[in-house]
Amino acid sequence: MLQNHVIVLQSGYAHEDANDPKAMRANCSCTLIRCRDGSNIIVDTMTAWDGEHLKSLLAGQGLQPDDIDVVVCTHGHSDHIGCNYLFQQARLHIVGSTASKHDLYTEYTGALDTHGEVLLEKTPGHTLSCASVIVHNSQFDGTTVGICGDLFERFEDIDDAQIWKAAGSEDEKQQAEQRYRMAELCQYIVPGHGTIFQLNDEMRKKLKNI
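Computed from a predicted model, the values in this text were never measured in an experiment. (Residues numbered from 1 in each chain as written. Predicted model: local features only at pLDDT ≥ 70, side-chain atom pairs only at ≥ 80, totals over all residues. Heavy atoms only, no water.)

A. Seen up close, the sheet that holds strand β7 (residues 92–95). The sheet built from seven strands is open, its strands ordered β1-β4-β5-β6-β7-β8-β9 with mixed pairing. The open sheet is flanked by β1 (5–10) and β9 (104–107), the only strands paired with a single partner. In this sheet, adjacent strand axes meet at a mean angle of 20 degrees when their direction is disregarded. Bridge count between strand β8 (residues 98–101) and β9: four bridges; the pairing is antiparallel. Looking at β9, one finds that T98 is bridged to E107. Strands in contact with helix α1 (residues 51–59) are β1, β4 (30–34) and β5 (40–43); relative to β1, the strand with the most contacts, it is inclined by about 145 degrees. (Pairing = 2+ DSSP bridges. Helix = DSSP H or I, 4+ residues; strand = E, 2+ residues; numbered from the N terminus. Axes fitted to C-alpha atoms, helices over the stretch in contact; angles between N-to-C directions. Contact = heavy atoms within 4.5 Å.)

B. Seen up close, the nonpolar core. I33, I41, V72, L112, V133 and I147 are the most contacted members of the largest nonpolar core, which totals 20 residues. When residues of this core are traced back to their parent elements, those giving at least two are β5, β6 (70–73), β7, β11 (118–122), β12 (131–135), β13 (145–149) and β14 (188–191). Broken down by element, the residue count for this core peaks at three residues, all from β12. If we ignore the near neighbours within four places in the chain, the residues touching I147 are V6, T31, I33, V43, T74, S132, V133, V135 and V190. (Core = buried A, V, L, I, M, F, W, Y, C linked by side-chain atoms within 4.5 Å. Buried < 20%, exposed > 50% of the residue type's maximum accessible area, 1.4 Å probe, protein only.)

Next comes the structure, spelled out in structure tokens:
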């Protein structure tokens, strides 16, 4: 494999509950990265009730939970970390920029693969501990993909900033800055609660001016 393959196993969603407008239904985008060095990384593992579903999604890619080498959760909210328990053979679990193995914890940013093409970077805003995975040399003509968690809620929040602000932001200024930085760096974004989308110059201009 000459490139890193970004596979969105499930696109996230977030919306009001049909029966109770004071409640909401949400689950995160869950993404598999098949690195060209042969390793497998999963980013955001959905809710604790999604274990069998996630195993089925992995099976569709010819994988089992024990084939995952690194688990990354972009932040610690329950809809992003729920199935971490499936991956006890992974060499690292990372939540935000805190890596753990058994009872050992350490700060971690940087390369997640041996080629230095898949990187973990801090992207604070939605929470102050948020991080994103940046995949260079992707299957999309060698372009860069940002797997950003709730830095971006969904495509529509580029036109309507109230979408990401209403979803909760611990630091709106930092979040706006990080959104623009990622848009400058990446050609594609996997948002926390929507489908993958491609960026263009008009979108970058809107993000710069917020």
